[in-house]
Amino acid sequence: MPAYVIGHLQEAAPHPEIAEYIERISDTFEPYGGRFLVHAAQHEVKEGSWPGHVVVISFPGIGEARAWWDSPAYQEIAPLRSLHIDGDIILVEGVPEGYDPASTARAMRETLPLPAE
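Residues numbered from 1 in each chain as written. Predicted model: local features only at pLDDT ≥ 70, side-chain atom pairs only at ≥ 80, totals over all residues. Heavy atoms only, no water.

So, the pattern of salt bridges
Piece 1. Evaluation of the coordinates by the stated rule reveals 4 salt bridges.
Piece 2. Between E44 and K46 there is a salt bridge whose closest N-O contact spans 2.4 Å. The exposure classification of E44 matches that of K46, with both residues exposed.
Piece 3. Residue D100 pairs with R106 through a salt bridge whose shortest N-O separation is 3.9 Å.
Piece 4. The class for D100 is partly exposed, based on a relative accessible area of 36%.
Piece 5. Residues joined in a network through salt bridges with shared partners are E20, R24 and E76. (Salt bridge = Lys/Arg side-chain N within 4 Å of Asp/Glu carboxyl O. Buried < 20%, exposed > 50% of the residue type's maximum accessible area, 1.4 Å probe, protein only.)

Here's the deal with the layout of surface pockets
Piece 1. In this structure, the largest pocket occupies an estimated 450 Å³ of space.
Piece 2. What lines the largest pocket is a set of 25 residues, and nearest its centre among them are L9, I22, H39, V55 and I85.
Piece 3. Of all the secondary structure elements, the ones that give two or more residues to the lining of the largest pocket are β1 (3–9), α1 (16–29), β3 (53–59), α2 (62–70) and α3 (72–82).
Piece 4. With 4 residues, the single largest contributor to the lining of the largest pocket is α1.
Piece 5. Residue composition of the lining of the largest pocket, by class: 18 nonpolar, 5 polar and 2 charged. (1 Å grid on protein atoms, 1.4 Å probe; cavity = no way out; pocket = protein on both sides within 12 Å on 5 of 7 lines; lining within 4 Å. Points joined across faces, edges and corners; volume = space filled by probe spheres on them. Helix = DSSP H or I, 4+ residues; strand = E, 2+ residues; numbered from the N terminus. Nonpolar A, V, L, I, M, F, W, Y, C, P; charged D, E, K, R; others polar.)

Some details on the packing of α1 against α3
Piece 1. Two elements in contact, α1 and α3, have axes separated by 8 Å at closest approach and are oriented at 155°. Put simply, α1 runs roughly antiparallel to α3. Judged by the twist between their axes, the crossing of α1 over α3 is left-handed. Within the contact between the two elements, α1 uses E17, I18, E20, Y21, R24, I25 and T28 and α3 uses A73, Y74, E76, I77, A78, L80 and R81.
Piece 2. A breakdown of the residues in the contact of α1 with α3 according to their chemical character gives 8 nonpolar, 1 polar and 5 charged. (Axes fitted to C-alpha atoms, helices over the stretch in contact; angles between N-to-C directions. Parallel < 35°, antiparallel > 145°, perpendicular 65-115°, else oblique. Left-handed = near helix turned anticlockwise from the far one by under 90°. Contact = heavy atoms within 4.5 Å.)

Here you go:
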């Protein structure tokens, strides 16, 4: 099952360390099968607010995403970003091939109390 690293990063002033981070990050995730799906793209907010930028990196599975995050290569460059850009980053598993959201709804309905008569 694919997994994703999703970053919601706030606006930041340009800084040479941020440029270095961007230059080096692909070399840290490519050995784990990672690739950018979203990077430095404009987004359109439809509900709520979402200031800043969105980054999405795809991995073959959650194990590869975790291994990349914990890798010495990534940990070496992470401060180049984190010292200059505030944000939230999550690792999340995708859904399996053929996922049916109706089955999730059925399971949810089974946990609901029966209506009073």
